[in-house]
Amino acid sequence: MMMRSFEEDDNVKCGDLCALQNKLNKLIESGSDNIQIVADFDYTLTSFHPTGTCFSVIRTYPGFSKEFLAKTGVIKDKYYPIHIDHTLPEAVRRHSDAEWFAQVLQCFVGERFQRQQISDMLEASNCRLRAGVSDFLALAHKHSIPVLIVSGGISDVIESLLRREQCYHDNITILANQLQYDAEGVMVGATPPFMTASSKLDVVRDHAYFREVKRDHLLLLGDMLSDLLVGECVECTSTLSVGFCHHPDNDLTSYTRSYDIVLLGNPDFGVVNDILSGIVGGC
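All of the points below concern the structure found in this document.

### As for the sheet that holds strand β7 (residues 217-222)
- Here 7 strands make up an open sheet; going across it, the order is β1-β9-β8-β7-β2-β3-β4 and the pairing mixed. In this open sheet, the two strands that pair with only one neighbour each are β1 (12-13) and β4 (172-177).
- Taken strand by strand, helix α2 (residues 17-30) contacts β2 (35-39), β7, β8 (238-245) and β9 (261-264), and its axis lies near 120° from that of β8.
- Contacts from helix α12 (residues 270-281) reach β1, β2, β7, β8 and β9 within the one sheet, and its direction differs from that of β8 by about 160°.

Shown next, in the form of C-alpha cells:
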C-alpha cells in the first residue's frame, strides 16, 4: 500500500523502487527498537519559504533597525544563490557559507538583542513546521525512537519553535549553532566551531551522540545533498533517506541519484509519517 501511494503521487520521486522496497521491508521487520532518526531543520522539518529559516527569523525581525534589515538582506542576496548551486565545487560553496555566516553574525551582534526576544521574532516570522511534523515527532517519542536534529541554523530558534508547537520531547537532541549571551542576556556572538549546511559533517563527526546511540537502521531526512553526509557519522546497517527538493529544474537528477525518496514542491510530512507509521506498526 505504501509503495503504491508513492508511485501514484507525481510529487514523489524514486530512483530505484526495488531498492526502496527492500529498505522499507528491512525497517518494518526491524521495528521501532532498532531505528534512529537524523533530520535537518530548515526546509526539512520546516516549510519552504524565502524567509523561513532560523537565520531569517532574526534577520527579518521588524523590531530591528532599517539599516540592519537592509544590510542583512543584501548579504543574503549575495550568498544564497551560491548556497543552493550544487554545480559549484564543494570548496567554493563551503567558503561562501562560512563568509555568509560570519557577516550575518556580526550584524546580529550589532543589534544587541536578548534571548527572550526570540519568541517574539518567531511570531513575526515565516518559519513554520511542515504540517504533520508534530505528529511525526510525537510518534517517534511514543515509541522511544531517538531523534537527532543537525542544523546549520540556530539552536535557540529551533528549540523555541518546537516548544511553541509542544513537540520538543525528551528523545530529541539538537546539534546546531549556539548563540552566546553576556551576563545581562545580550547576544554577543556564537560558540565555535560554526556549523553551516556545507560543514555539518566536520563539526559533528566526533560528537558523543554517535557513540551513545546505537541502532541498526537510520531514517535520514534533509533538503540539501550535504545533509546526506551526516549519515556517515552513524554506525548502522541500512539507511533510508528522504529528501525535500525545492529546485527540481536544477536538482532533481542529483537528488534522485542520492536520496531514496525525493519529495517535490512544498509538501507536508504525509509520506514521512506513512513510513514511520509502517515501521512502528510492523513491530
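Next comes the rest of the account.
### Description of the environment of Pro50
- Looking at the secondary structure, you find Pro50 in the loop between β2 and α3 (54-59).
- Measuring from C-alpha to C-alpha, the distance between Pro50 and Asn126 comes to 8.5 Å, with 76 residues separating the pair along the chain.

### What to know about the packing of aromatic side chains
- Under the defined criterion, the tally for this structure stands at 15 aromatic pairs.
- For the pair Phe68 and Phe108, a centre-to-centre distance of 6.1 Å together with 40° between the ring planes defines the contact as tilted. Of this pair, Phe68 sits in helix α4 (residues 66-83) while Phe108 is found in helix α5 (residues 90-111), placing the two residues 40 residues apart along the sequence.
- Considering the side-chain rings of Tyr80 and Trp100, the 6.4 Å spacing of their centres and the 75° angle between planes classify their relative orientation as edge-to-face.

### A few points about the pairing of strand β6 (residues 187-190)
- For strand β5 (residues 179-181) and β6, the ladder comprises 3 bridges, and the chain directions are antiparallel. If you follow Leu179 over to β6, its bridge partner there is Ala190.
- If you look at the hairpin formed by β5 and β6, you'll find 5 residues sitting between the two strands, and Gly185 has a positive phi there, around 85°.

Conventions and cut-offs
Here the residue numbering is sequential within each chain, running from 1 through the sequence in written order. Side-chain atom pairs in this predicted model are given and counted only at pLDDT of 80 or more, local residue features only at pLDDT of at least 70, and totals for whole chains, interfaces and linings cover all residues. Derived side-chain values reflect all non-hydrogen atoms in the structure, with water molecules and hydrogen atoms excluded from consideration. Should DSSP find at least two bridges between two strands, the strands are regarded as paired. Helical segments are the DSSP runs of H or I of at least four residues, strand segments are the runs of E of at least two, and each set is numbered from the N terminus. When checking whether two residues touch, look at their non-hydrogen atoms; a contact exists if any pair is within 4.5 Å. For helices, the fitted axis covers only the stretch in contact; all axes are lines through C-alpha atoms, and the angles between them, taken along N-to-C directions, range from 0 to 180 degrees. Aromatic pairs are defined between Phe, Tyr and Trp rings, using the six-membered ring for Trp, whenever the two ring centres lie within 6.5 Å; interplanar angles under 30 degrees are classed as stacked, those over 60 as edge-to-face, and all others as tilted.

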